[in-house]
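Working through the structure, step by step
In case you want the letters, here they are:
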Amino acid sequence: MRILLVEDDVGIGEPLVGGLERQGYTVTWARSGSEAIAADPHDLVLLDLGLPDIDGEVVATRLREASAVPIIVITARSDEIDRVTLLDLGADDYLVKPFGFRELTARIRAVLRRASSGAPIEDQQVTVGRLQIDHRTRTVTFAGDTVTLTPKEYELLAFLASDPGAVLSRDEILRSVWDEHWWGSTKTLDVHVASLRRKLGDPAVIETVRGVGYRLAEPVS
Ligand code: CA
């Protein structure tokens, strides 16, 4: 597993690199945003938001444009944490400084596990109405257009599409797509659903079943 650590603070970066390498990870240490953007593809990115050259938010957006690599944001700005902004950036999780090394490695394992397993779906390609999901390449098209999704949005859509037409409860969705390390707020789910509806361009695709959960409303062909 190759991790790209983006951190300008040597006092934080050095022990992190050492600790992660002892855990068996291969670590590339980028000390600026431009180094991070220029780096080769990695399996996971640890991204400090406070960078000397480019705003961490911009770095996250650029990385996300290039790939679906899982991103864990590291920030000192706990009071400025805005989960909607982080979701828009495509972050998979975040840690507020100071954090423990155990906490970090638990988050890394959880994010990598989610990224590699995805929803338990046997078919590599799923077509439901206008929606097509290719699990091999993790790409989504809707009515013929490619839709760019964050890893979480993708997992959520894949989960809904695994049982099209069925009402999936909020609990089921949160348990399957998120885990105990995420924000803990069920609002997260609504934010992702809203974002998916916007990106798909047709809010009716994901139907709200009041008091229960959501269902994929595309007709099964
Ligand atoms: Ca910093």
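For clarity, every value in this text was computed on a predicted model and none was experimentally measured. Per-chain numbering applies: the sequence of each chain, read as written, is numbered from 1 onward. Local features in this predicted model are restricted to residues whose pLDDT is 70 or higher, and side-chain atom pairs enter the listing and the counts only when it is 80 or higher, whereas totals over whole chains, interfaces and linings include all residues. Excluding hydrogens and water, the side-chain figures rest on all heavy atoms present in the structure.

1. Some thoughts on the nonpolar core
Nine residue types can take part in a nonpolar core, namely buried Ala, Val, Leu, Ile, Met, Phe, Trp, Tyr and Cys, and a core is a set of them joined through side-chain atoms within 4.5 Å. Think of it in three bands: with a 1.4 Å probe and only protein chains considered, a residue is buried below 20% of the maximum accessible area for its type, exposed above 50%, and partly exposed in between. Leu-131, Leu-156, Leu-157, Ile-173 and Leu-216 are the most contacted members of the largest nonpolar core, which has 28 residues in total. Elements supplying a minimum of two residues to this core: β6 (125-128), β7 (131-134), β8 (139-142), α6 (151-161), α7 (170-177), α8 (187-200) and β12 (213-216). Strands are runs of DSSP state E lasting at least two residues, helices are runs of H or I lasting at least four, and both sets are numbered from the N terminus onward. In terms of residue count, α6 provides more of this core than any other element does, seven residues in total. Throughout, a residue-residue contact means that at least one pair of heavy atoms, one from each residue, lies within 4.5 Å. Filtering out sequence-adjacent residues up to four positions away, Ile-173 remains in contact with Leu-156, Phe-159, Leu-160, Leu-168, Trp-178, Leu-189 and Tyr-214.

2. Looking at the pattern of salt bridges
By salt bridge we mean one thing: a side-chain nitrogen of Lys or Arg within 4 Å of a carboxyl oxygen of Asp or Glu. Tallied over the full model, the rule gives 13 salt bridges. Between Glu-103 and Arg-107 there is a salt bridge whose closest N-O contact spans 2.6 Å. Note that Glu-103 and Arg-107 are positioned in helix α5 (residues 101-117) at a spacing of four residues, about one turn of the helix. Overall, the relative accessible area of 12% leaves Arg-107 in the buried class. When salt bridges that share partners are traced, they join Glu-7, Asp-48 and Lys-97 into one network.

3. Looking at the packing of α6 against α7
Axis definition: a line fit to C-alpha positions, over the contact stretch in the case of helices; interaxial angles, taken between N-to-C directions, run 0 to 180 degrees. For the pair α6 and α7, the least separation of the axes is 10 Å and the interaxial angle reads 130°. Taken together, the axes of α6 and α7 lie oblique to each other. Note that α6 runs across α7; the crossing there is right-handed. Between α6 and α7, the residues in contact are Lys-152, Glu-155, Leu-156, Phe-159 and Leu-160 and Glu-172, Ile-173, Ser-176 and Val-177, respectively. The residue classification treats Ala, Val, Leu, Ile, Met, Phe, Trp, Tyr, Cys and Pro as nonpolar and Asp, Glu, Lys and Arg as charged. All others, Gly included, are polar. The class makeup of the residues in the contact of α6 with α7 is five nonpolar, one polar and three charged. Throughout, the term roughly parallel applies to angles under 35 degrees, roughly antiparallel to angles over 145, roughly perpendicular to angles from 65 to 115, and oblique to all others. With the far helix as reference, a near helix turned anticlockwise by less than a right angle produces a left-handed crossing, and one turned clockwise produces a right-handed crossing.

4. Concerning the side chain of Glu-218
Of note, Glu-218 is situated in the segment after β12. Looking at Glu-218, the relative accessible area reads 7%, which means it is buried. Engagement of the side chain of Glu-218 in a polar contact is seen with the side chain of Arg-130, the distance being 2.6 Å. When near neighbours in sequence (up to four residues on either side) are disregarded, Glu-218 contacts Val-128, Gly-129, Arg-130, Leu-131, Phe-142 and Val-205. In protein, a polar contact requires one atom able to donate a hydrogen and another able to accept it; more generally it is a pair of N or O atoms within 3.5 Å, and residues adjacent in sequence count only if both atoms are side-chain atoms.

5. Here we look at the sheet that holds β12
Strand order in the open sheet formed by three strands is β10-β12-β11, with antiparallel pairing between adjacent strands. Because the sheet does not close on itself, it has two edges, and the strands there are β10 (168-169) and β11 (206-209). A strand pair is defined by DSSP finding two or more bridges across the two strands. Two elements, β11 and β12, share four bridges in a ladder whose sense is antiparallel. Of the residues in β12, the one forming a bridge with Glu-207 is Arg-215. Against the sheet, α8 contacts β11 and β12, and its axis sits at roughly 145° relative to β11.

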